[in-house]
Amino acid sequence: MKPNIQFLAERAALLRELRSYFDGRGFLEVQSPCMMRDCVVDAYIDPIAVAAKQLGCPAARLPEQLYLQTSPELAMKRLLAVGAPSIYSIGPVFRAGEQGHLHNPEFTMLEWYDVGADMDDGVGLLGQLVASVLNQTEYDVCTYRELFQTRLGFDPIEAPIAQVIQQAAQTDANLSDSVADDRDMLLDIILSNQIQPQLGQTRPQIVTNYPLSQAALAKPCTDDPACAARFELFASGIEIANGYDELRDADILVQRAIASNKKRVAVGRPALEVETTLVAAMRDGLPSCAGVALGVDRLLMIQIGAKSINQVIPMPIGIV
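None of these values were measured; they are calculated from a predicted model. (Residues numbered from 1 in each chain as written. Predicted model: local features only at pLDDT ≥ 70, side-chain atom pairs only at ≥ 80, totals over all residues. Heavy atoms only, no water.)

Enquirer: It is not clear to me how the overall build of the protein chain should be interpreted in this structure. Could you clarify?
Expert: Helix and strand counts for the protein chain come out as ten helices and eleven strands. In terms of overall dimensions, the protein chain is globule-like: its C-alpha atoms have a radius of gyration of 20 Å, near the 20 Å expected for 320 residues. Dimensions of the protein chain, computed from the C-alpha atoms along their principal axes, are close to 60 × 45 × 45 Å. By residue count, 53% of the 320 residues in the protein chain fall in the buried class. Partitioning the intrachain contacts of the protein chain with sequence separation of at least 6 by distance along the chain shows that 70% fall at a separation of at least 24. Carbon and sulfur atoms make up 51% of the accessible area of the protein chain, which amounts to about 15100 Å² in all. One finds the centroid of the 26 positive side-chain charges in the protein chain at a distance of 5 Å from the centroid of its 39 negative side-chain charges. (Helix = DSSP H or I, 4+ residues; strand = E, 2+ residues; numbered from the N terminus. Rg over C-alpha atoms; globule rule 2.2 N^0.38 Å. Buried < 20%, exposed > 50% of the residue type's maximum accessible area, 1.4 Å probe, protein only. Contact = heavy atoms within 4.5 Å. Areas by Shrake-Rupley, 256 points an atom, 1.4 Å probe, with all protein chains shown as cover. Lys, Arg positive; Asp, Glu negative; His and termini not counted. Charge placed at Lys NZ, Arg CZ, Asp CG, Glu CD.)

The structure is reproduced here in structure tokens:
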């Protein structure tokens, strides 16, 4: 197969637009390393490991293996912890086992951290950016609770687990039964299959206040103790971006990483290092900030009306 150059000009134009957006707001572009000694622990995302001996750098005192980064988050937060101002990065990231019409093991991520910003600031910056790129004048915002209550008529956090299982079974009864003890997995099945396809069909849709059990690296919400200051943007039924009012407590980060490792081990995934360089950086002092990770390839897909990520990545995994 040959490289696909059909949308090279559109990709280049989008990258220029994204850089101009952040440069004009005083952000500094940074280039984070693709390969590091540790990575952010996520229950459902697998990093790609590289044996350190392959690098041929014995004097570097490297661990046995390094990781291709699943996002630039770890490196960028280390920069923030030593005094970097608001920053953004556009570059390749890597995730094992992800291939399909919306996935490629290597893809392009735009990530930014706005120092001094909170969730409301993060939602505003993200909404304005994506609305502008997609030639929209507005974007919609609702909470995770409101989304489920409006679309399906129940509160995802307060509803009895039996009701959640029953709702998930409408998508896949066998899958629902197999994860019946995991409310978050059930809610993800429901959201992904029964709600998400309708989101952002007329203009971008931002969903805020995810359940605290799905906080990842977000702070708890100040106005709803059962929720986290996490938000996601959807357009044309596709998840485009994920953002947080960033957690700054290293001890809570460790607790969440331990919980994520338990989920990883339960399904046969290897546990990952908990006491990471990110934990150390947070103990040194991470400034208050809002951060967002945005999939550039998916955004380009929606901008030009493509149906597969392979149409907008010039050399996807099948032809590299």
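Enquirer: When you look at the state of the cysteines in this model, what are you seeing that I'm missing?
Expert: Cysteine pairs can be linked by a disulfide, which is a covalent bond between their two sulfur atoms. Here the structure, examined in full by the defined rule, presents zero disulfides. Free of any disulfide, Cys142 has its nearest cysteine sulfur in Cys227, 12 Å distant. Free of any disulfide, Cys221 has its nearest neighbouring cysteine sulfur in Cys227, separated by 5.6 Å. Note on Cys221: relative accessible area 9%, which makes it buried. (Disulfide = S-S within 2.5 Å.)

Enquirer: Hey, could you run me through the nonpolar core in this one?
Expert: In this structure, Leu110, Trp112, Leu126 and Leu294 are the most contacted members of the largest nonpolar core, which totals 42 residues. For this core, the elements supplying multiple residues, two or more each, are α1 (8-23), β5 (87-94), β6 (106-115), α3 (119-133), β9 (227-235), β10 (238-245), β11 (289-295) and α10 (296-304). By residue number, the principal contributor to this core is α3, which donates seven residues. The residues contacting Leu294, other than those within four sequence positions of it, are Thr108, Met109, Leu110, Trp112, Leu126, Leu129, Val130, Ile240, Ala241 and Leu299. (Core = buried A, V, L, I, M, F, W, Y, C linked by side-chain atoms within 4.5 Å.)

Enquirer: It is not clear to me how the packing of α1 against α10 should be interpreted in this structure. Could you clarify?
Expert: For any two helices packed against each other, one specifies the crossing angle of their axes together with the interaxial distance. Across the interface, α1 lies against α10 with an axial gap of 11 Å and an inter-helix angle of 115°. As α1 runs across α10, the sense of the crossing is right-handed. Side by side, α1 and α10 meet where Glu10, Arg11, Leu14, Leu15, Glu17 and Leu18 of the first sit next to Val296, Asp297, Leu299, Leu300, Gln303 and Ile304 of the second. Each residue belonging to the contact of α1 with α10 can be placed in one class, and the counts come to seven nonpolar, one polar and four charged. (Axes fitted to C-alpha atoms, helices over the stretch in contact; angles between N-to-C directions. Left-handed = near helix turned anticlockwise from the far one by under 90°. Nonpolar A, V, L, I, M, F, W, Y, C, P; charged D, E, K, R; others polar.)

Enquirer: What is the right way to read the environment of Gly26 from this model?
Expert: Tracing the backbone through its elements, the reader meets Gly26 in the loop between α1 and β1 (28-29). Sequence separation of Gly26 and Ser86 is 60 residues, and the distance between their C-alpha atoms is 7.5 Å.

Enquirer: What should I look at first to understand unusual backbone geometry in this one?
Expert: Glycine aside, a negative phi is what most residues show, and trans is what most peptide bonds show. With a phi close to 55°, Ala216 is a non-glycine residue in the positive phi region. Here Ala216 is to be found in the loop between β8 (205-211) and β9.

Enquirer: Would you take a moment to explain the pattern of salt bridges for this structure?
Expert: Oppositely charged side chains are able to pair whenever their charged atoms sit close together. According to the stated counting rule, one finds 15 salt bridges in the structure shown. In this structure, Glu138 and Arg203 form a salt bridge, with 2.4 Å as the shortest nitrogen-oxygen distance. Of the two residues, Glu138 is situated in the loop between α3 and β7 (140-143) and Arg203 in the loop between α7 (183-195) and β8; the sequence distance between them amounts to 65 residues. A residue is classified by how much of its surface remains accessible, and Glu138, at 45% relative accessible area, is partly exposed. In this structure Arg203 comes out as partly exposed when scored by relative accessible area, which is 29%. The residue Glu158 makes a salt bridge to Arg145 at a minimum N-O spacing of 3.8 Å. Of this pair, Glu158 sits in the loop between α4 (144-152) and α5 (161-169) while Arg145 sits in helix α4; the two residues are 13 residues apart in sequence, bridging distant segments of the chain. (Salt bridge = Lys/Arg side-chain N within 4 Å of Asp/Glu carboxyl O.)

Enquirer: Looking at this structure, I do not really get a negative patch on the surface. What am I missing?
Expert: A cluster of acidic residues, Asp118, Asp120, Asp121 and Asp223, forms a negative patch on the protein surface. Topologically, Asp118 is positioned in the loop between β6 and α3. Given a relative accessible area of 33%, Asp118 falls into the partly exposed group. (Patch = residues over 30% accessible without salt bridge, like charges linked within 9 Å, V, L, I, M, F, W, Y side chains within 5 Å.)

Enquirer: Would you mind showing me how to read the sheet that holds strand β4 (residues 65-68) here?
Expert: Neighbouring strands of a sheet are bound in pairs by backbone hydrogen bonds; such pairs are parallel or else antiparallel. On the basis of which strands lie adjacent, the open sheet formed by three strands has the order β2-β4-β3 and antiparallel pairing. Each edge of the sheet is formed by a strand with only one pairing partner; in this case those strands are β2 (35-36) and β3 (48-51). (Pairing = 2+ DSSP bridges.)

Enquirer: Hey, could you run me through the packing of aromatic side chains in this one?
Expert: Tallying each qualifying case throughout the model produces seven aromatic pairs. Look at Phe22 and Phe27: their rings are 5.2 Å apart centre to centre, the planes differ by 80°, and that puts the pair in the edge-to-face class. Ring centres of Phe22 and Tyr88 lie 5.3 Å apart, and the angle between their planes is 25°; on these two criteria the pair is classed as stacked. Taken together, the positions of Phe22 in helix α1 and Tyr88 in strand β5 put the pair 66 residues apart, joining distant regions of the chain. Counting every residue linked through ring pairs, the aromatic cluster contains Tyr21, Phe22, Phe27, Tyr88 and Trp112. Positioned above the aromatic ring of Tyr210, the side-chain terminus of Arg230 is 4.5 Å from the ring centre. (Phe/Tyr/Trp six-rings, centres within 6.5 Å; stacked < 30°, edge-to-face > 60°. Lys NZ or Arg CZ within 6 Å of the ring centre and 35° of its normal.)

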